[in-house]
Amino acid sequence: MRELPFLDLRALNQRHAAAYAAALERVLTSGRVLLGEETEAFEREFARYCGVRHCVGVGNGLDALHLVLRAWEIGAGDEVIVPSNTFIATWLAVSHAGARPVPVEPDPRTHNLDPARVEAAIGPRTRAIVAVHLYGRPAPMDALADIARRHGLKLLEDAAQAHGARWHGTRCGALGDAAAFSFYPGKNLGALGDGGAVTTDDPVLAARVSLLRNYGSPVKYRHEVQGFNSRLDELQAAFLRERLRALDADNAWRTSVARIYLQALRDVPGLVLPPADDTQARSSWHLFVVRASDRDGLARALEARGVATLVHYPTPPHRQVAYAALGLAAGALPLAERLATEVLSLPIGPTMTDDDAAQVAAAVHDVLATTA
Ligand SMILES: *Cc1c(COP(=O)(O)O)cnc(C)c1O
């Protein structure tokens, strides 16, 4: 039995080793390590990839979300709608801006925001909706954009898991008023360290985020706003340019792993599969998340069979100590809480072979057939 890692970053890096070495050489000889040609070129290339006019590289995905909210002057006294079931960064961005995150429960089939519940959560202080494309599947952006328009709200995509995913053919990153991306190494488009970006068609927003990421400084030692230090560095930008060229092929590879799972696991009792791609949504398949009532038992049994799994995420933000002050007790957001006990992420990645996927599926079959 072969050990299957959750994501083989070593193999992924090895595949690009020569190009990364060349990228390092370019940066070394340029003599510039911040806000230079590599960052500009990556911003151009990633904007074109997403189908938007502007891309601004920043330090990480959390900052990308935070700086957009700041640029929109969303802050104290404002409310921002966020999913109840997301990585905590979505909430932290709102809190760091000084606004209040207002959690909305998901559609349990897609794990994404439920538009009807979003509409019900809008109040006089609501300024924006953050739509997370969770696990890589695009959120229902038509309905959310319609709600945002009718209520005069900004619509921000948290596209940290959705590089290259499409909604009705349009890429994530081009579906809201702005989008935030993360290039954390494990993401579909990952750097060799932290990185992030904002994409938008709005030139005013792009200029504002450019200011905010660099001390509020349009030229050295002139400061027009109280900005931050959150720049994408030249080296990460150079690495990302290389990875971007492989993104569509990597996503196609992930999609084929997902298809194998969806086919091989379709009749396993007690297992809920993620929705397949359809005419609306084409996932980036950042994660392949199943649900099982005895999730922890399944994870342990898979580990014993050499299959590594992870949980995204074991505790929803409102049940974290960090958000104790919100006073949301156990049971306050029952869907997010139940999903947190049931979700399990199977291995998926661009270096997995069909045989690897078949081995994972066979292990899941083996475990659930013997416990059913
Ligand atoms: C990874 C992630 C982030 C944060 O990105 P960082 O680059 O780690 O700051 C935000 N939102 C979601 C949904 C993520 O998965």
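Refer to the preceding data block for the structure.
## So, the environment of Leu328
Then, in step 1: Note on placement: Leu328 falls in the loop between helix 11 (295-304) and helix 12 (334-342).
Then, in step 2: In this structure, the C-alpha to C-alpha distance between Leu328 and Tyr215, residues 113 residues apart in sequence, is 36 Å.
Then, in step 3: Apart from residues no more than four positions distant in its own chain, Leu328 is found in contact with Pro103, His318, Arg319 and Leu333.

## Overview of helix 5 (residues 89-97)
Then, in step 1: Of the positions making up helix 5, those classed as buried are Ala89, Thr90, Trp91, Ala93, Val94 and Ala97.
Then, in step 2: Buried residues in helix 5 make contact with helix 4 (61-71), strand 2 (79-83), strand 3 (100-104), strand 4 (126-132) and strand 5 (154-158).
Then, in step 3: Just downstream of helix 5 lies Gly98, where phi reads positive at about 100°.

## Let's talk about the sheet that holds strand 9 (residues 196-200)
Then, in step 1: As summarised here, the arrangement of the seven strands in space is 1-9-8-5-4-2-3, forming an open sheet in which the pairing is mixed. If you trace the sheet from one side to the other, it starts and ends with strand 1 (54-58) and strand 3, each paired once. Strand-to-strand, the axes of this sheet are offset by a mean angle of 25°, without reference to chain direction.
Then, in step 2: With five bridges connecting them, strand 4 and strand 5 associate as parallel partners. Within the sheet, the bridge partner assigned to Ile129 lies in strand 5 and is Leu155.

## Quick word on the nonpolar core
Then, in step 1: Within the largest apolar cluster, 40 residues are counted, with the highest numbers of intra-cluster contacts made by Phe42, Phe46, Ile129 and Phe183.
Then, in step 2: At five residues, the largest contribution of residues to this core is made by helix 3 (residues 37-50).
Then, in step 3: Dropping the residues within four chain positions of it, Ile129 is found in contact with Ile81, Leu113, Val118, Leu144, Ile147, Ala148, Leu153, Lys154, Leu155 and Leu156.

## Re the site of the ligand
Then, in step 1: Around the ligand, the structure places 14 residues, and the nearest of them are Gly61, Asp158, Gln161, Ser182 and Lys187.
Then, in step 2: The separation between an oxygen atom of the ligand and a polar main-chain atom of Leu62 is 2.9 Å.
Then, in step 3: Here Ser182 contributes a side-chain N or O atom positioned 2.6 Å from an oxygen atom of the ligand.
Then, in step 4: Relative to its free-state accessible area of 380 Å², the ligand is covered by the protein chains to the extent of 91%.
Then, in step 5: When atom positions are compared with the pocket grids, the ligand is found to occupy the largest pocket.
Then, in step 6: The residue makeup of the shell around the ligand, split by class, is six nonpolar, six polar and two charged.

## A few points about the layout of surface pockets
In this approach a probe as big as a water molecule rolls over the atoms, and the regions it shows empty are the leftover space.
Then, in step 1: Considering only enclosed or pocket space, the largest pocket measures out at about 550 Å³ in volume.
Then, in step 2: The biggest single contributor to the lining of the largest pocket is helix 4, with three residues.
Then, in step 3: A class-by-class count of the residues in the lining of the largest pocket yields 16 nonpolar, ten polar and four charged.
Then, in step 4: Size it by volume and the second largest pocket reaches roughly 400 Å³.
Then, in step 5: Residue lining of the second largest pocket: 17 residues in total, with Arg32, Leu35, Asn214, Lys220 and Arg231 positioned closest to the centre.
Then, in step 6: For the lining of the second largest pocket, the element with the most residues is helix 3, which contributes three residues.

Here is what the cut-offs are and how they apply
- Numbers given for residues are sequential positions, taken from 1 along each chain in its written order.
- Local features in this predicted model are restricted to residues of pLDDT 70 or higher, and side-chain atom pairs are both shown and tallied only at a pLDDT of 80 or more, whereas totals for entire chains, interfaces and linings draw on every residue.
- The basis for every side-chain value is the complete set of heavy atoms in the structure, and neither hydrogens nor water enter the calculation.
- The secondary structure listing takes helices from DSSP runs of H or I that are at least 4 residues long and strands from runs of E that are at least 2 residues long, numbered from the N terminus.
- Here, residues are in contact when the closest pair of their heavy atoms is within 4.5 Å.
- For every residue, the accessible area obtained with a 1.4 Å probe (protein chains only) is divided by the maximum for its type, and the residue is called buried under 20%, exposed over 50%, and partly exposed between those limits.
- One bridge is not enough; two strands pair if DSSP finds at least two bridges between them.
- Fitted lines through C-alpha atoms give the axes, limited to the stretch in contact for helices. The angle between two N-to-C directions lies from 0 to 180 degrees.
- The nonpolar core is taken to be a set of buried Ala, Val, Leu, Ile, Met, Phe, Trp, Tyr and Cys residues, with the residues joined through side-chain atoms within 4.5 Å.
- In these notes, residues near a molecule or strand are those with any non-hydrogen atom within 4 Å of it.
- Side-chain atoms alone can form a polar contact between residues adjacent in sequence; in general such a contact is a pair of N or O atoms within 3.5 Å, and within protein one must be able to donate a hydrogen while the other accepts it.
- Surface accessibility in these figures is a Shrake-Rupley result with a 1.4 Å probe; residues are shielded only by whichever protein chains are displayed.
- Within this scheme a cavity is a closed region of a 1 Å grid, computed over the protein atoms alone, that accommodates a 1.4 Å probe without allowing it to escape, whereas a pocket is open but has protein on both sides within 12 Å along at least five of seven lines; lining residues each have an atom within 4 Å of a point.
- What decides whether a molecule sits in a cavity or pocket is whether more than half of its atoms lie within 2 Å of the grid points.
- Polar here means any residue outside two lists: the nonpolar Ala, Val, Leu, Ile, Met, Phe, Trp, Tyr, Cys and Pro, and the charged Asp, Glu, Lys and Arg; Gly therefore counts as polar.
- Grid points are joined across faces, edges and corners, and a volume is the space filled by probe spheres set on the points.

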